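What the coordinates show
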Amino acid sequence: MIRHAVVVGGAGAVGALFTERLLETGAAVTVVDSAASAPSDERVRRIRGDVTAVDAGLAAELGRADLVVLALPDAVALAAVPQIAGALRPDALLVDTLSVKQPITDAIRAHAPGVQAVGVNPMFAPSLGFPGRPVAAVTVNEGPRTEEFLALVEGWGAHVVRVGAAEHDRLAGAAQVLPHAAVLGFGLTLAGLGVSAADLREVAPPPANTLLALLARIASGTPEVYWDVQAANPEASGVRKALADSLHRLAGVVEAGSEADFAAVLTELRDYLGEDLAHHRDTCARLFTSV
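Now for a look at the structure at hand. (Residues numbered from 1 in each chain as written. Predicted model: local features only at pLDDT ≥ 70, side-chain atom pairs only at ≥ 80, totals over all residues. Heavy atoms only, no water.)

Quick word on the layout of surface pockets
Its volume calculated, the largest pocket comes out at about 1,800 Å³. If you go around the largest pocket, you meet 33 residues; those closest to its centre are Leu178, Ala182, Leu243, Leu269 and Tyr272. For the lining of the largest pocket, the secondary-structure elements that each account for two or more residues are helix H6 (165-193), helix H8 (206-219), helix H10 (236-256), helix H11 (259-273) and helix H12 (277-288). Per-element accounting of the lining of the largest pocket gives the leading share, nine residues, to H6. Looking at the lining of the largest pocket residue by residue, the classes come out as 22 nonpolar, six polar and five charged. (1 Å grid on protein atoms, 1.4 Å probe; cavity = no way out; pocket = protein on both sides within 12 Å on 5 of 7 lines; lining within 4 Å. Points joined across faces, edges and corners; volume = space filled by probe spheres on them. Helix = DSSP H or I, 4+ residues; strand = E, 2+ residues; numbered from the N terminus. Nonpolar A, V, L, I, M, F, W, Y, C, P; charged D, E, K, R; others polar.)

In structure tokens:
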């Protein structure tokens, strides 16, 4: 049972999401953050500290915890692992929430080989909450607390998908790097064409409105989140190149091919979607009723 949890980076959206859910379980929660934050819940103890330079007070706090959650940018979390490894109890659980798993998995195994650890990646914006949402999970060092924590996440309504670190990063490249790059490319192209968003809104059909909505969501988000997705994932460069190659191929079909060649591309894509074609088509129809 998790009685005392420390959420490092708890002032951020992801950290706050885990803090709220852990409080609901009855756990005592301490939030550690390098930035000062106003108390939003009297049940939470707040410490201003830097996990890349752990002092005696912070080490003692980490040593009391059953669970330590690293809700940090990738580079900060990687720098923190060697610092906090020696402070953790042998029976504690270390959880990271990074969007890229291979480097953090290697770091934990190198510096904290005896500590139970699991990496989770909520594949949704924290404001949406866990119910009905996928959470990718990479078991780093197995143990009873690892399973207890994943069962807890499932109890919060999430769909836990267990994968290895390399497979996680490959899937995240397709599920996060590619969509974000495509939407950002759409926005940069619009800006380059000189078409104003206000004028486009007046005539935009549902597909364009949907892309504009996605663009606005990303542009309004926290830059470091999207930077980590694009910059830290080892698959990212290949994914962006594949996107550029696909656009080049499409241009070639339209500019140098025929309608039959274009139809063949659509057939290829229908075959790729396979049995999921109807599901995604119907999902799109429901989305378009609201845009």
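Still more ground to cover, so stick around.
Some thoughts on a nonpolar patch on the surface
A cluster of nonpolar side chains, Leu247, Leu250, Val254, Phe262, Leu266 and Leu269, forms an exposed patch at the surface whose accessible area comes to about 520 Å². In this structure, Leu247 sits in helix H10. Since its relative accessible area comes to 53%, Leu247 is described here as exposed. (Patch = residues over 30% accessible without salt bridge, like charges linked within 9 Å, V, L, I, M, F, W, Y side chains within 5 Å. Areas by Shrake-Rupley, 256 points an atom, 1.4 Å probe, with all protein chains shown as cover. Salt bridge = Lys/Arg side-chain N within 4 Å of Asp/Glu carboxyl O. Buried < 20%, exposed > 50% of the residue type's maximum accessible area, 1.4 Å probe, protein only.)

Looking at the sheet that holds strand E7 (residues 134-141)
Read from one edge of the open sheet, eight strands run E3-E2-E1-E4-E5-E6-E7-E8, paired in mixed fashion. Lying at the two open borders of the sheet, with one neighbouring strand each, are strand E3 (44-48) and strand E8 (159-162). On average, each strand axis in the sheet is tilted by 25 degrees relative to the strand beside it, whichever way the strands run. As defined by bridge partners, strand E1 (residues 4-8) adjoins strand E2 (residues 28-33) across five bridges and the pair is classed as parallel. Pairing of His4 across the sheet is with Ala28, part of E2. Relative to the sheet, helix H2 (residues 56-63) contacts E1, E2, E3 and strand E4 (67-70), its axis offset from that of E1 by approximately 130 degrees. Its contacts with the sheet place helix H5 (residues 144-155) against E4, strand E5 (93-96), strand E6 (116-122), E7 and E8, and it is angled at close to 25 degrees to E6. (Pairing = 2+ DSSP bridges. Axes fitted to C-alpha atoms, helices over the stretch in contact; angles between N-to-C directions. Contact = heavy atoms within 4.5 Å.)

A few points about the side chain of His4
Inspection of the secondary structure puts His4 in strand E1. On the accessibility criterion, His4 (14% relative accessible area) is buried. Within the structure, His4 has its side chain in polar contact with the backbone oxygen of Arg64 (distance 3.4 Å). In this structure, His4 is in contact with Ala28, Thr30, Glu61, Arg64, Ala65, Asp66 and Leu67, ignoring residues within four places of it in sequence. (Polar contact = N/O pair within 3.5 Å; in protein donor to acceptor, adjacent residues only side chain to side chain.)

Points about the pattern of salt bridges
Tallying each qualifying case throughout the model produces 14 salt bridges. In this structure, Arg145 engages Asp66 in a salt bridge whose closest nitrogen and oxygen atoms are separated by 3.6 Å. With Arg145 in helix H5 and Asp66 in the loop between H2 and E4, the pair connects residues that are 79 residues apart, well separated along the chain. Each member of the pair Arg145 and Asp66 is classed as buried. Between Asp91 and Arg89 there is a salt bridge, with its nearest N and O atoms 2.8 Å apart. Residue classification places Asp91 among the partly exposed positions, given a relative accessible area of 35%. A residue is classified by how much of its surface remains accessible, and Arg89, at 24% relative accessible area, is partly exposed. Among the charged side chains, a network of salt bridges with common partners joins Asp66, Arg89, Asp91, Arg145 and Glu148.

Observations concerning the side chain of Asn233
Within the secondary structure, Asn233 sits in the loop between helix H9 (223-232) and H10. Note on Asn233: relative accessible area 4%, which makes it buried. Residues contacting Asn233, with those up to four places away along its chain left out, are Val100, Asp169, Ala172, Gly173, Val177 and Asp228.

Points about the nonpolar core
Counting residues in hydrophobic clusters, the biggest one holds 27 residues, and the most contacted among them are Leu67, Val95, Val120, Phe130, Phe149 and Val153. At the level of elements, E1, helix H1 (13-24), E2, E4, E5, E6, E7 and H5 are the ones that each hand at least two residues to this core. Element by element, the count of residues in this core is highest for H1, at four residues. Residue contacts for Phe130: discarding those within four places in its chain leaves Leu17, Phe18, Arg21, Phe124, Val135, Val153, Trp156, Gly157 and Ala158. Core analysis: the next-biggest nonpolar cluster, separate from the first, contains 26 residues, Leu58, Ala65, Leu98 and Val140 among them. (Core = buried A, V, L, I, M, F, W, Y, C linked by side-chain atoms within 4.5 Å.)

Quick look at the packing of aromatic side chains
Tallied over the entire structure, the rule returns six aromatic pairs. Consider the rings of Phe18 and Phe130, whose centres lie 5.5 Å apart with planes at 75 degrees: the pair is edge-to-face. In this pair, Phe18 is assigned in helix H1 and Phe130 in the loop between E6 and E7, connecting sequence segments 112 residues apart. Of the two residues, Phe18 and Phe130, neither departs from the other in class, the shared state being buried. A centroid spacing of 5.2 Å and a plane angle of 40 degrees characterise the contact between Phe130 and Trp156, whose relative ring orientation is tilted. In this pair, Phe130 is assigned in the loop between E6 and E7 and Trp156 in the loop between H5 and E8, connecting sequence segments 26 residues apart. Exposure remark for Trp156: the relative accessible area of 11% places this residue in the buried category. (Phe/Tyr/Trp six-rings, centres within 6.5 Å; stacked < 30°, edge-to-face > 60°.)

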